[in-house]
Amino acid sequence: MISQGVVPALYCENVVKLFRRGRGLKKKVIRALDNASLTLAPGELFGLLGPNGAGKTTLVRCIATLLIPDAGTIRIFGSDAFKDSLFCRQRIGLLTSGERTLYWKLSARDNLRFFAALYGLTGKKREQRIDYLLELLGLEEVANERLERYSSGMKQKVSLARAMLHDPDILLLDEPTLGLDPQFGRFIRQFIKEELNRRQKKTILLTTHYMDEADELCQRIAFINKGRIIDIKSPAQYKREIPHKEVLQVRCLGQPDTSRLQNLAGIERVQTDFNDGITTLRIVAPRAEPVLSEVIETVRAQARILGIDVKEPTLEDVFIYVTGTSLTADTGQGEE
Amino acid sequence: MASRRLNTELRVVGAEFVKTMRIWFSYPIMIAFWAIFPLLWVLPYVFQGKALVGSGSSEAFRQLTGSGNYLAFVLIGAMISTFVFSALWGVGNSLREETYWGTMEYIIASPTHPLVILIGKTLAEWTWSSVMVLFQALIIALFFGVHFTLAKILPVLLLVVLLMIGFYGFAIAFAGFTLLIKEVHGWVHTLEWVFFLFSPIRYPVEVNPITALVSNLIPLTWALVAIRGIMLLNKTEVNLYQTVVILAGMDVILLVAGYFLFVYLEKKTRRDGTVGMH
C-alpha cells in the first residue's frame, strides 16, 4: 500500500514479545507477539482489530518503546525505535484506554503544561499550543478545574490533547473509546477521522475490538489473534473474503434457544447478542431466503420477533470466518 | 545543541517540582499535619530522655559521646534523619506513585529520561524536608540549649549537603528497585530500621562492637558524628576535613552506582513488561 520511494511512517517486522510469568516449576513463557509485521504509510489511518488478549496493546507498547521486544525491528520514519528512541518518541503521540492516566489533582491545563515540558515545549509556544488544543476539544471552559471533577469522556479528551501536544506525526490510539458513553465515543471517533486524519494528515494506528469503529474509521485493518497478524486488508476487501454469504439479523424479545437454529439445514453459524431484554441473532447462511421461513417459525415458537433484516457480512463475521474466534472473546495469549 | 538539551532538562526539573508541590498542596489535611509535625516529633524524644536519665543530661552518656546532653544528641540525630528518611520515602516512593496514578508509562514514552523526573522530585523533597528541619532546628535552639552560630552552621550545612548527595544516589537506585518489586512500604520500613540500628541516630553505636563496625559503611554515621562534634562539643575544625573526604568519596560511589542501577532496572522493567503494573 506504500508507493515506492516513500519512507513508511511505521514499519514493524517480525516483532516477537515473550512474557515470562511465575517461578520454578510454575514458570510460563507467554508469546504475546509472534512475528508481528505491519507497515503504515504516512497519513494512513490503520486499524488493529482483535479480541482481548490478542496482542494489540503489546504491539502498541513496543512501538511506543514502553516494551523492549525479544526480536524484530520497529522503525519510525526509517529510524530504529530503540537505537534512536529520542527522535522516535518525539514523533509519537500515545493514548491508552482507561481514565487513570492523568493527574486528577491537577487541572487539565496543569496536566498539559507538565507533559508539554517533557516534550521540550515551554513558554509562550506551550501556552498557545495548550489553548489551541483545549479549544479544539471543547475544554476551554473547564480547563482550570481539577480533573477529579471531570467525566470519563472529558478525561479522555484531555488524554487526546496530551497525545497531540507536541504535534507528533504518528498517533498510537489504544482503545480510545473503551468505556465511554455513546455521545463521547461518537465525538472521539469523529475527531479521529475528520480532524486528526483528514485535516491534520496524521498517521494513526488505532487498536479496537469494536468492529463498527474499525469499519467506520480505518483505511486498512490488520486482524490480530494470539499475537499473530492474520491478515491486512481494507474493510471492503475483507467483506469480499466471505463471498456468497448473507447475514439474517433477527431481533426478538426474550432469549430463544439457538441450538435448534444451528441444526437447521442451510445455516452455517448463529451468533447471539443479548442486551436490555432484546436478543439479536446473526444467522450466517449462503443465502438467507431459503431458510427465512424456518428461522421465523423456530424463533417465534420461543420469543416475540421485533424485526428481521438481511445484511451484508460485517467485519466481525469476517473475523470469525478467518480466525474462528469472536471479537468479544478473551483469547488470552499463547503459551510457549 | 548540548546546552539546549540541558536547558530543556532543567525546565522539566522545574515542571516536575511545580507539579509535585501542587499535588501536595491539593491535600489540605497534609498541610495541617506537616504544620504540627515538628512539635509532635520532638516530644517523644524529650519524654524518653527524661524517663531514662531523669533529666536531659547523663554522665554515662558523656563517657560514650563526650557530651552529657542526651536530648540534644538524640534531637540532632532525629533532625538529620528527617532528611534521610524523607529522601527514602519521597524519592524512593515517587515512581511508585506515578505508576499508581497511571502516568508512569507516559513519562517513559516521552523523550525525557525518568531520571530527570527524579531530580525534580528530589528538589521538591529537599525543599519540603528543609522547611521541616528548619523548624526542628528552631525548637532545638530555643528549648534544648544548642547554640547555632554561623561558624557552626556553615560546616554543618556542608556536611548535610554532602550526606544528602550520596543519599539521593541511594534513593534513585531504590526508586528503580521499586519499579521492579512493586512494593515500597515494607522495604522503606526495613531500611529505616537498618539505619536506626547501624547509625548513631538514637544512640551512640559504640555501645555494641558490631554496630560500631557496620556503622562505618553508612555515610549517615560519619555525618552525624561530625555534626554533633560541631554542635555539642564545639569541635569546628576537628575531623571535618577527614569527614568531608570520606563523604565525598561515598557520594561518588553512591551516585554512580545509583545511576547505573536505575538505568539497568528501568530497562529491565521495559523488557519484562511490568512498567505500568502495580
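So, how was this worked out
Residues numbered from 1 in each chain as written. Chains lettered and ligands numbered in written order. Predicted model: local features only at pLDDT ≥ 70, side-chain atom pairs only at ≥ 80, totals over all residues. Heavy atoms only, no water. Axes fitted to C-alpha atoms, helices over the stretch in contact; angles between N-to-C directions. Helix = DSSP H or I, 4+ residues; strand = E, 2+ residues; numbered from the N terminus. Parallel < 35°, antiparallel > 145°, perpendicular 65-115°, else oblique. Left-handed = near helix turned anticlockwise from the far one by under 90°. Contact = heavy atoms within 4.5 Å. Nonpolar A, V, L, I, M, F, W, Y, C, P; charged D, E, K, R; others polar. Salt bridge = Lys/Arg side-chain N within 4 Å of Asp/Glu carboxyl O. Buried < 20%, exposed > 50% of the residue type's maximum accessible area, 1.4 Å probe, protein only. Patch = residues over 30% accessible without salt bridge, like charges linked within 9 Å, V, L, I, M, F, W, Y side chains within 5 Å. Areas by Shrake-Rupley, 256 points an atom, 1.4 Å probe, with all protein chains shown as cover. Pairing = 2+ DSSP bridges. Expected span 1.5 Å × (residues − 1). Bend = angle between axes of the 7 residues up to and from the residue. Buried area = accessible area lost by both parts, 1.4 Å probe. Polar contact = N/O pair within 3.5 Å; in protein donor to acceptor, adjacent residues only side chain to side chain. 1 Å grid on protein atoms, 1.4 Å probe; cavity = no way out; pocket = protein on both sides within 12 Å on 5 of 7 lines; lining within 4 Å. Points joined across faces, edges and corners; volume = space filled by probe spheres on them.

## Description of the packing of helix α4 (residues 70-101) of chain B against helix α7 (residues 150-181) of chain B
All names here are of chain B.
In step 1: In the contact formed by α4 and α7, the axes pass within 9 Å of each other and the chain directions differ by 30°. The angle between the axes of α4 and α7 places the two elements in the roughly parallel class. As α4 packs across α7, the resulting crossing turns out to be right-handed. In contact with Ile80, Phe83, Val84, Ala87, Leu88, Val91, Gly92, Leu95, Arg96 and Thr99 of α4, α7 contributes Val160, Leu163, Met164, Phe167, Tyr168, Phe170, Ala171, Phe174, Ala175, Thr178 and Leu179.
In step 2: Split into classes, the residues belonging to the contact of α4 with α7 amount to 17 nonpolar, three polar and one charged.

## Observations concerning the pattern of salt bridges
In step 1: Considering all chains together, one arrives at 29 salt bridges over all chains under this definition.
In step 2: Where Arg113(A) meets Glu127(A), a salt bridge forms, and the shortest distance between an N and an O atom there is 3.0 Å. Linking Arg113(A) in helix α3 (residues 108-118) with Glu127(A) in helix α4 (residues 123-136), this pair joins segments that are 14 residues apart in sequence.
In step 3: Linking Glu148(A) and Arg146(A) is a salt bridge whose minimum nitrogen-to-oxygen distance equals 3.3 Å.
In step 4: Residue classification places Arg146(A) among the partly exposed positions, given a relative accessible area of 26%.
In step 5: The structure contains a network of salt bridges with shared partners spanning Asp110(A), Arg113(A), Arg126(A), Glu127(A) and Arg22(B).

## Looking at a nonpolar patch on the surface
Residue and element names in this part refer to chain B.
In step 1: A contiguous nonpolar surface patch, about 580 Å² in accessible area, is contributed by Tyr27, Ile29, Met30, Phe33, Ile36 and Leu40.
In step 2: As for its placement among the helices and strands, tyrosine 27 is situated in the loop between α1 (2-25) and α2 (28-53).
In step 3: The class of tyrosine 27 is partly exposed, set by a relative accessible area of 35%.

## Topic: the pairing of strand β12 (residues 269-275) of chain A
Residues and elements named next belong to chain A.
In step 1: Here seven bridges tie β12 to strand β13 (residues 278-285), and the two strands are oriented antiparallel to one another. In the sheet register, valine 270 faces β13, and the bridge partner there is isoleucine 283.
In step 2: Taking the residues between adjacent antiparallel strands as the criterion, β12 and β13 are bridged by two residues, where aspartate 276 takes a positive phi near 50°.

## Comments concerning helix α6 (residues 182-199) of chain A
Residue and element names in this part refer to chain A.
In step 1: With 18 residues, α6 ought to run about 26 Å at 1.5 Å a step, and its terminal C-alpha atoms sit 24 Å apart, in line with that.
In step 2: Maximum bend of α6: about 30°, positioned at phenylalanine 191.
In step 3: What α6 keeps buried is the set Phe184, Gly185, Ile188, Phe191, Ile192, Lys193, Glu195, Leu196 and Asn197.
In step 4: Where the residues of α6 are buried, they touch β3 (45-49), α4, α5 (152-164), β7 (170-174), β8 (203-208) and α7 (211-217).
In step 5: Of the residues one or two after α6, lysine 201 is the one with positive phi, at around 55°.

## Comments concerning the packing of α4(B) against helix α8 (residues 185-198) of chain B
Residue and element names in this part refer to chain B.
In step 1: Viewed as axis vectors pointing N to C, α4 and α8 meet at an angle of 165°, and their least axial separation amounts to 10 Å. By the angle class used here, α4 and α8 are roughly antiparallel. Crossing handedness for the pair α4 and α8: right-handed. Touching Phe85, Leu88 and Trp89 of α4 are His185, Val188, His189, Leu191, Glu192, Phe195 and Phe196, all from α8.
In step 2: Its residues assigned to classes, the contact of α4 with α8 comprises seven nonpolar, two polar and one charged.

## Comments concerning the interface of chain A and chain B
In step 1: Contacts between the two partners involve 32 residues from chain A and, on the opposite side, 32 residues from chain B.
In step 2: Between chain A and chain B lies a buried interface of about 2900 Å² when both sides are counted; carbon and sulfur atoms form 61% of it.
In step 3: It is Leu66(A), Tyr103(A) and Leu118(A) in chain A that bury the most area against chain B; as a group they hold 22% of the surface buried on that side.
In step 4: Counting across the interface, chain A meets chain B through two salt bridges.
In step 5: One salt bridge connects Arg22(B) with Asp110(A), and the closest N-O pair in it is separated by 3.2 Å.
In step 6: For the pair chain A and chain B, the interface holds eleven residue pairs in polar contact (both at pLDDT 80 or more).
In step 7: Within the residue set of the side of chain A that touches chain B, elements represented by two or more residues are β1 (10-21), α2 (85-90), β6 (92-95) and α3 of chain A.
In step 8: Of all the elements, α3(A) adds the most residues to the side of chain A that touches chain B, at five residues.
In step 9: Of the residues that constitute the side of chain A that touches chain B, the class distribution is 17 nonpolar, six polar and nine charged.

## Some details on empty space enclosed by the protein
Gaps left between atoms are located by rolling a probe of water-molecule size over the structure's atoms.
In step 1: Evaluated as defined, the whole model comprises two cavities of 30 Å³ or more.
In step 2: By volume, the largest cavity amounts to about 50 Å³.
In step 3: Forming the boundary of the largest cavity are Gly93(A), Leu94(A), Phe115(A), Tyr119(A), Arg162(A), Ala163(A), His166(A) and Tyr106(B).
In step 4: Listed by contribution, the elements that provide at least two residues to the lining of the largest cavity are β6 and α5 of chain A.

## Observations regarding the pairing of β3(A)
The side chains of a regular strand alternate between the sheet's two faces.
All names here are of chain A.
In step 1: The element β3 is extensively covered by neighbouring structure, given that five of its five residues are classed as buried.
In step 2: Of the two faces of β3, the one lined by Leu45, Gly47 and Leu49 and the one lined by Phe46 and Leu48 are each fully buried.
In step 3: Note: β3 against β8, five bridges, orientation parallel. Bridging from a neighbouring strand, leucine 45 pairs with isoleucine 204 of β8.
In step 4: Of the pairings in the sheet, the one linking β3 to strand β9 (residues 220-225) comprises four bridges and is parallel in character. Each residue of the ladder has a partner; that of leucine 49, found in β9, is phenylalanine 223.

## Thoughts on the sheet that holds strand β14 (residues 304-311) of chain A
Residues and elements named next belong to chain A.
In step 1: Pairing is antiparallel across the open sheet formed by four strands, whose spatial order is β12-β13-β11-β14. Two strands in the sheet have a free side with no partner beyond their single neighbour: β12 and β14. Put simply, the sheet's adjacent strands are angled 15° from each other on average, direction ignored.
In step 2: As paired strands, strand β11 (residues 246-253) and β14 are joined by seven bridges and run antiparallel to one another. Residue pairing across strands places glutamine 249 opposite aspartate 309, the latter belonging to β14.
In step 3: Sitting on the sheet, helix α10 (residues 289-300) is in contact with β11, β13 and β14, with an inclination near 20° to β11.
In step 4: With respect to the sheet, helix α11 (residues 315-323) is in contact with β11, β12 and β13, its orientation differing from that of β12 by roughly 130°.

## Focus: the layout of surface pockets
All names here are of chain B.
In step 1: By volume, the largest pocket amounts to about 1000 Å³.
In step 2: Lining the largest pocket are 34 residues, with Trp34, Phe85, Ser86, Trp89 and Glu125 positioned closest to its centre.
In step 3: Elements supplying a minimum of two residues to the lining of the largest pocket: α1, α2, α4, α6 (114-143) and α8.
In step 4: If you tally residues by element for the lining of the largest pocket, the top one is α4, at eleven residues.
In step 5: Residues of the lining of the largest pocket, tallied by class, amount to 19 nonpolar, eight polar and seven charged.

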